[in-house]
Number of protein chains: 2
Amino acid sequence: MPVFHSSAGEAALLDTEAATSRTERRDQQVARILDAAKTCFVRSGFQGASMQQICSEVGMSPGALYRYFPSKEAIIEAITEADRRRDAEIFSVLTLGGDVVDGFVAAAMAHIRYMHESGNAPLFAEIRAESMRNDAIDFACKMSMKDVDDSFRSFLRGAVDRGEIDPCADLDTILPVMVAFGEGLAINDLPAQGVDFERLEVVIRAIATAVLRPTGRSTAS
Amino acid sequence: MPVFHSSAGEAALLDTEAATSRTERRDQQVARILDAAKTCFVRSGFQGASMQQICSEVGMSPGALYRYFPSKEAIIEAITEADRRRDAEIFSVLTLGGDVVDGFVAAAMAHIRYMHESGNAPLFAEIRAESMRNDAIDFACKMSMKDVDDSFRSFLRGAVDRGEIDPCADLDTILPVMVAFGEGLAINDLPAQGVDFERLEVVIRAIATAVLRPTGRSTAS
DNA sequence: GATTTATGCGAATGATCATTCTCAATTTAT
DNA sequence: ATAAATTGAGAATGATCATTCGCATAAATC
């Protein structure tokens, strides 16, 4: 007994679930699948989770699920892309305006906070492990990282040009190091280990200051 | 046609492969299996690699392989423990003697160099991802990390007591941050991405100095 | 030399895997 | 109203999975 509930024409406009056009409903189903798949992947890993488990989690038959994704690999790729994109957004928003070190610290803390609250650390660890052997996943990671890298690079290069900072090394070294640092913080979720946010910020600020060496000529307070 | 080559009694003492007692031969087989399994796990992940693939890699039948390990899980645990132990050794050896910052930087660089040369980054990423959902693996990671943590803690606390350094925050914050940093560097293998070792050391030294805040009262040069 | 034990092979096992197929119900288009 | 297209269920598919079994051979012990 299928469940194609409600909405026979215009009457459904009064439903709490708003108007569901063909494509809207499809997008909702895709979202439901990705959400359930993420749950399964966090629980068992990309390879460990089975399509049957994902089907159970969504409440959908295999035949139905395959109407939305052509393969398990496609689901993994979609989840990876969505996760990396959301993760990159945390950075891109916070690199603009304000003091260089402040921006750096704010971005780092926002990232730490997001990772802690979303509970996405296991998913990130899984994605990163998969990226070491799966070219499609590696590509997705590199793509989203390139955006972050570009933002940070222009952000920092601008500060260097304006004489606000005098980095302890070239940006081609500092940026990969900071990315690595961020990834380490991401998979470790220090707040979950009992590390205090404020003490954490003190250490991160010290690190940012040491690496960027602000000259005191900053335009911001 | 089994392959129980050579060594019928004492004659084997002249073999190039030295004397192989019962337990010695067994240890060699175990080592061969772990080596082959590691290859497979790096290639396909813990869940992605099959026992048949491991058998092919070792050149051994399933029946024979199961004489040495009771399950796939047992192999994964053995590999994890060996990898974490070897990784921890890199640190424990280098925390003693010399200037505090020098020791810190030396340990970090040794770790980076080891990760780069051993090519163990993918295995580490896999182990870390698995540790998020497998309690046995998580335990193994925490155990080996505890040794490193203890070494560093006593090392740094001693320096603090002697007035050599004045950390920018308490050790309970600095240590987790440094561990996270190290893990980030481990999975990223920056030298493989073209980052120069010497420039890398400059940045790491700046970070170590900033976090530890040496007072100049160091006993070493 | 005979017996016990350790080690090996390779086929077999039942479970589970990703995916496909058939068909029914529903929605949209005509 | 009717036809076409979409979406669903659920059984079936063949492959592959981790693991086991029976049996043969080699080594160790007696």
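Residues numbered from 1 in each chain as written. Chains lettered and ligands numbered in written order. Predicted model: local features only at pLDDT ≥ 70, side-chain atom pairs only at ≥ 80, totals over all residues. Heavy atoms only, no water.

Student: Before we go on, may I ask you to explain the side chain of Arg-153 of chain A in this structure?
Tutor: Residue and element names in this part refer to chain A. Tracing the chain through its elements places Arg-153 in helix H7 (residues 135–161). Polar side-chain contacts of Arg-153 include one of 2.4 Å to the side chain of Asp-149. At 2.4 Å, the side chain of Arg-153 and the side chain of Asp-172 are in polar contact. In this structure, Arg-153 is in contact with Leu-171, Asp-172 and Leu-175, ignoring residues within four places of it in sequence. (Helix = DSSP H or I, 4+ residues; strand = E, 2+ residues; numbered from the N terminus. Polar contact = N/O pair within 3.5 Å; in protein donor to acceptor, adjacent residues only side chain to side chain. Contact = heavy atoms within 4.5 Å.)

Student: How should I be thinking about the relation of the copies chain A and chain B in this particular structure?
Tutor: Copy one and copy two of the chain differ by a rotation about an axis and a translation along that axis. For these two chains of identical sequence, chain A goes onto chain B by a turn of 180° and a shift of 0.0 Å along the axis, with RMSD 0.0 Å. On the angle and the small slide along the axis, the relation comes out as a two-fold axis. Distance from the rotation axis, computed per C-alpha, reaches its smallest value in chain A at Gly-184 of chain A: 1.9 Å. When you check the interface residues of chain A against chain B, 98% turn up at the interface there too, and the contact is symmetric in its surfaces. (Least-squares fit on C-alpha atoms with pLDDT ≥ 70 in both.)

Student: Any chance you could explain the packing of helix H5 (residues 100–118) of chain A against helix H8 (residues 171–188) of chain A here in plain terms?
Tutor: Residues and elements named next belong to chain A. Axis separation between H5 and H8 bottoms out at 9 Å; the angle between their running directions is 30°. One finds that H5 runs roughly parallel with respect to H8. Crossing of H5 against H8: the hand is right-handed. Contacts between H5 and H8 involve Phe-104, His-111, Ile-112 and Met-115 on the former and, on the latter, Met-178, Gly-182, Leu-185 and Ala-186. Here the contact of H5 with H8 is built from residues that sort into six nonpolar, two polar and no charged. (Axes fitted to C-alpha atoms, helices over the stretch in contact; angles between N-to-C directions. Parallel < 35°, antiparallel > 145°, perpendicular 65-115°, else oblique. Left-handed = near helix turned anticlockwise from the far one by under 90°. Nonpolar A, V, L, I, M, F, W, Y, C, P; charged D, E, K, R; others polar.)

Student: I tried to follow the pattern of salt bridges on my own but got confused; where do I start?
Tutor: A side chain with one charge can pair with a side chain of the opposite charge if their charged atoms come near. All names here are of chain A. Overall, the coordinates contain 27 salt bridges over all chains when judged by the stated rule. The partner of Asp-102 in a salt bridge is Arg-205, with the nearest N and O atoms 2.9 Å apart. Taken as a pair, Asp-102 in helix H5 and Arg-205 in helix H9 (residues 197–212) lie far apart in primary sequence, 103 residues in all. The exposure class of Asp-102 is partly exposed, given its relative accessible area of 33%. Residue classification places Arg-205 among the partly exposed positions, given a relative accessible area of 31%. (Salt bridge = Lys/Arg side-chain N within 4 Å of Asp/Glu carboxyl O. Buried < 20%, exposed > 50% of the residue type's maximum accessible area, 1.4 Å probe, protein only.)

Student: What's the story with the interface of chain A and chain B in this structure? I'm lost.
Tutor: Accessible area lost when the parts come together is the quantity often used to give the size of an interface. Contacts between the two partners involve 41 residues from chain A, matched on the other side by 40 residues from chain B. Taken together, both faces of the contact between chain A and chain B bury some 3,200 Å²; the carbon and sulfur share is 73%. At the boundary of chain A and chain B, one finds four salt bridges. Where Glu-126 of chain B meets Arg-133 of chain A, a salt bridge forms, and the shortest distance between an N and an O atom there is 2.0 Å. Our count for the chain A to chain B interface comes out at six residue pairs in polar contact (both at pLDDT 80 or more). Mapped by element, the contributors of at least two residues to the side of chain A that touches chain B are helix H1 (22–44), helix H6 (121–131), H8 and H9 of chain A. With 13 residues, the top contributor of residues to the side of chain A that touches chain B is H8 of chain A. (Buried area = accessible area lost by both parts, 1.4 Å probe.)

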